[in-house]
Each structure stands twice: as structure tokens, then as C-alpha cells.
Amino acid sequence: MEDDDSFKTCPQHTISRLKGNMTMYKYLGFWNIKSLHEGTILARKSFKAKPSDVLISSCPKTDTTWLKTLAFAIVTRDKFDGSTTQLLTTLPHECIPLLEHDLEKVEDNHNNAGLFPLVATHLPYTSLPESLVASDCKIVYIYRDVKDVIVSHYCFLHEVVKLFVDDVPFEYWDHIWGYWKASQERLGRILFLKYEDMKEDPTNDVKRLAEFIGYLFSIEEEKAGVVENIIKLCSFENMSNLEVNKSGTHRPEEDVSIENRLYFKKAKDGDWENYFTDEKLSGTGLVLK
Ligand code: PAP
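Residues numbered from 1 in each chain as written. Predicted model: local features only at pLDDT ≥ 70, side-chain atom pairs only at ≥ 80, totals over all residues. Heavy atoms only, no water.

Q: Could you give an account of unusual backbone geometry, with specific residues and numbers?
A: Even without a glycine there, the phi angle at Lys-61 is positive, about 70°. Assignment of secondary structure puts Lys-61 in the loop between strand 4 (54-58) and helix 3 (64-75). For Lys-61, a relative accessible area of 14% corresponds to the buried category. Although it is not a glycine, Asp-136 sits at a positive phi angle of roughly 60°. (Helix = DSSP H or I, 4+ residues; strand = E, 2+ residues; numbered from the N terminus. Buried < 20%, exposed > 50% of the residue type's maximum accessible area, 1.4 Å probe, protein only.)

Q: Any details on helix 12 (residues 226-233)? Residues and values, ideally.
A: Residues of helix 12 that are buried: Val-226, Val-227, Ile-230, Ile-231 and Leu-233. On an axial view of helix 12, the arc spanned by its buried residues comes to 165°, and they lie on one face. Buried-residue contacts for helix 12 involve helix 3, helix 10 (202-212), helix 11 (219-223) and helix 13 (236-240). (Arc of directions from axis to C-beta. Contact = heavy atoms within 4.5 Å.)

Q: How would you summarise the packing of aromatic side chains if you had to cite specific residues and measurements?
A: Under the criterion given, the structure shown has nine aromatic pairs. Note on Tyr-143 and Phe-192: the rings are 5.9 Å apart at their centroids and 65° apart in plane angle, and the pair reads as edge-to-face. One end of the pair, Tyr-143, is in strand 6 (residues 138-143); the other, Phe-192, is in strand 7 (residues 190-194), and 49 residues separate them in sequence. Measuring from ring centre to ring centre gives 6.4 Å for Phe-236 and Phe-264, while their planes differ by 40°; the resulting arrangement is tilted. One end of the pair, Phe-236, is in helix 13; the other, Phe-264, is in the loop between strand 9 (258-259) and helix 15 (278-281), and 28 residues separate them in sequence. Residue class for Phe-236 comes out partly exposed when judged on its relative accessible area of 24%. Among the aromatic side chains, those forming a connected cluster through ring pairs are Tyr-125, Tyr-141, Tyr-143, Tyr-179, Trp-180 and Phe-192. Sitting above the plane of the Phe-212 ring, Lys-138 keeps its charged end 5.1 Å from the centroid. (Phe/Tyr/Trp six-rings, centres within 6.5 Å; stacked < 30°, edge-to-face > 60°. Lys NZ or Arg CZ within 6 Å of the ring centre and 35° of its normal.)

Q: I'd like to hear about a negative patch on the surface, residue by residue, with values.
A: A grouping of Asp-197, Glu-200, Asp-201 and Asp-269 is seen on the molecular surface, where their side chains present a negatively charged patch. Among the secondary structure elements, Glu-200 is positioned in helix 9 (residues 195-200). Given the relative accessible area of 70%, Glu-200 is considered exposed. (Patch = residues over 30% accessible without salt bridge, like charges linked within 9 Å, V, L, I, M, F, W, Y side chains within 5 Å. Areas by Shrake-Rupley, 256 points an atom, 1.4 Å probe, with all protein chains shown as cover. Salt bridge = Lys/Arg side-chain N within 4 Å of Asp/Glu carboxyl O. Lys, Arg positive; Asp, Glu negative; His and termini not counted. Charge placed at Lys NZ, Arg CZ, Asp CG, Glu CD.)

Q: With reference to specific residues and values, describe the packing of helix 3 against helix 12.
A: Contact geometry for helix 3 and helix 12: axes closest at 9 Å, N-to-C directions at 140°. What the angle tells us is that helix 3 and helix 12 run oblique. As helix 3 runs across helix 12, the sense of the crossing is right-handed. The residues of helix 12 that touch helix 3, namely those facing Leu-70, Ala-73 and Ile-74, are Ile-230, Ile-231 and Leu-233. Of the residues belonging to the contact of helix 3 with helix 12, the class tally is six nonpolar, no polar and no charged. (Axes fitted to C-alpha atoms, helices over the stretch in contact; angles between N-to-C directions. Parallel < 35°, antiparallel > 145°, perpendicular 65-115°, else oblique. Left-handed = near helix turned anticlockwise from the far one by under 90°. Nonpolar A, V, L, I, M, F, W, Y, C, P; charged D, E, K, R; others polar.)

Q: Residue-level account of the side chain of His-110, with values.
A: For His-110, the location among the structural elements is in helix 5 (residues 103-111). The class of His-110 is buried, set by a relative accessible area of 14%. For His-110, the residues in contact, after removing those within four places along its chain, are Phe-47, Lys-48, Ala-49, Lys-50 and Asp-53.

Q: Describe in detail helix 10, supporting the description with residues and values.
A: An α-helical segment advances 3.6 residues per turn. Residues three or four places apart therefore align on the same side. Of all the positions in helix 10, only Pro-202, Asp-205, Val-206, Leu-209, Ala-210 and Phe-212 are classed as buried. Along the long axis of helix 10, the arc covered by the buried residues comes to 165°, so they all point the same way. At its buried positions, helix 10 is contacted by helix 3, strand 6, strand 7, helix 9 and helix 12. Backbone geometry just after helix 10 places Gly-214 at a positive phi near 90°.

Q: Please set out the confidence of the model for the chain residue by residue, giving values where relevant.
A: Here the chain averages 84 in pLDDT, while 82% of its residues score no lower than 70. Segment residues 1-20 is flagged for pLDDT under 50; beyond a separation of four residues in sequence, or across chains, it makes 52 contacts in the model. (pLDDT = per-residue confidence, 0-100.)

Q: Give me the lowdown on the pattern of salt bridges, citing residues and values where you can.
A: Following the criterion strictly, the structure yields eight salt bridges and no others. The salt bridge involving Lys-207 is made with Glu-222; its shortest N-O contact spans 3.2 Å. Here the residue Lys-207 occupies a position in helix 10, and Glu-222 occupies one in helix 11, the gap between them amounting to 15 residues. A residue is classified by how much of its surface remains accessible, and Glu-222, at 33% relative accessible area, is partly exposed. A network of salt bridges, in which partner residues are shared, links Asp-136, Arg-186 and Arg-189.

Below, the structure is given as C-alpha cells:
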């Protein structure tokens, strides 16, 4: 079987962290932590995708949290509004299951007709389960200025791991490239969203997103301000001030549990300029602007 043939785990990359050691595994060219590596193998073996699934995909720290928040608000807008939505009390990452971590929840959604079709993943295109590629389901892919991705990663890991690790594997370009190449072959099935464009004109991208995943806003909804309400609900200002996102913990039972607030840092374009300062660059010969 393909999985068995290509099952090459290399627990050779170790990052010291506060509680014990975190071992990274390389699989099909990309690194992952143990639990997500094992989840990937499981998903590739047993996940049976449906054509109606919508995959929300991204490389970490490209603003998956915002995309998940918007997608969830769009597909559940008939059932809940801004005062009853689960988003007020639950971290967006827990509203949409992660394929390589929450396979049981994804399958529960499959078995319960009426539940939404959203599935999230950080997997590179080449590691997706074959059933998912074969199903020709739709994929939404978000990307962001690489310099802000590096800073977002740095700050996140600094908080989680409590030290800066300068050899953390960074596979951003390969991740984007895999989905981009696939989008050339699967015309109309993969939507690319750019974080900076989304921030500049959220209305346009939210409408494109809704239409792409099959939840087009009606003229009446547009007139009634439903699009603007969803944008306001999912905004950084609103989400980062909710109690659940200020004080909750994501996956508290696990080895690598994460404080929810770390998913809401600053959401500022060009924050990298505050890190890659002239002082730090002086003498290196590296010019960034
Ligand atoms: P993940 O890969 O761990 O899921 P991801 O959501 O992709 O993280 O990236 C986190 C970024 O999204 C943070 O950016 P920053 O580090 O530059 O601040 C976070 O602030 C930003 N973010 C989270 N929620 C929102 C939102 N509602 N609107 C805009 N940006 C957001």
C-alpha cells in the first residue's frame, strides 16, 4: 500500500520545550509533530471524502483562524445569528474539525446529514488522503506575505515553546506551490485567498468565499446587511475580545496545549518591519525594502 511504502518517519528533529521534548516527524517531505503525524497517517488510510466536502486549507500562521471564523459564520447563518453563534463561546479551531487531528468529528459530520461540510487541514497537497483528491471536493486556500508568516510563527513558537528555535522547519513555499499546481489542473475547484487582499476588501472576498462553497448570499440578504454583520462578527477586534479567546485553552488535555489568545496576536499587515529592524540587519548586507 502506498502509505506503508512511503511511511518514512524520521524522529530526528528534536525541539526542546518547557515540558519534556517535542519530536518532529518528516513525512512525504514535510515535518509535523507526533500527534498530527499519526493523525495524517490515519486520515490517509481511512478518510472517505464526499464531493460535497469543503476543505479549508493553509500553511500554519497564514490566518486560518479568520478564514475558519468566516466560513463557519457563512454556512451556519441560517441557524444562528451574531448573538447565538457558537463562535461566541468556542475557539474557531474547535468549530471546524482538523482532518489530521479530529477525524472522528469529521466522520460524525459526515454521518449527520444537516451538519456543515467544512473540514480544515494544514496538510500539504501531496499528503492529502487520496479519497479527498479523487472526490474533487472544493478547496479554499489562504496565503499571506511570507515575512508576516515568519513573524507570526516566531511569536507563536516563542510563547508555546518558550524559546526561539532557529531550526524550526519552514516549508511555506512548497505548501503554496502544491496547492497552486493542483489549482491549474483542477480548474474552478480551488479558491485562493490572499490575507492582505481580504483585509483590504473583506466584502468582496467574503462574497466570493460564500459563492464558492455553495452558500451564495441572496440579494435580500445583501440588502439586509448580512455580509457586513458576518464581517463584524468575525473581525479581529470582536473575536480577540471574547472571553473564550482571551482565557481559554486549545486541546488542554494534550502535551502541546495552546492558550487561545495566541491565535489572536495583532493581525497587522507588515508587522514584520517591527522585527526585521535596520539595527538587526546592519552589517548583514541583507536589504528587505
Ligand atoms: P494557526 O496556523 O495556528 O491556525 P493562523 O490563524 O493561521 O494560525 O494565524 C494566526 C494569525 O491570524 C495571527 O496573526 P499575527 O500573528 O500576525 O497577529 C492572528 O492575529 C490572526 N487572526 C486571528 N483571528 C483573526 C481575525 N478574526 N481577523 C484577522 N486576523 C486574525
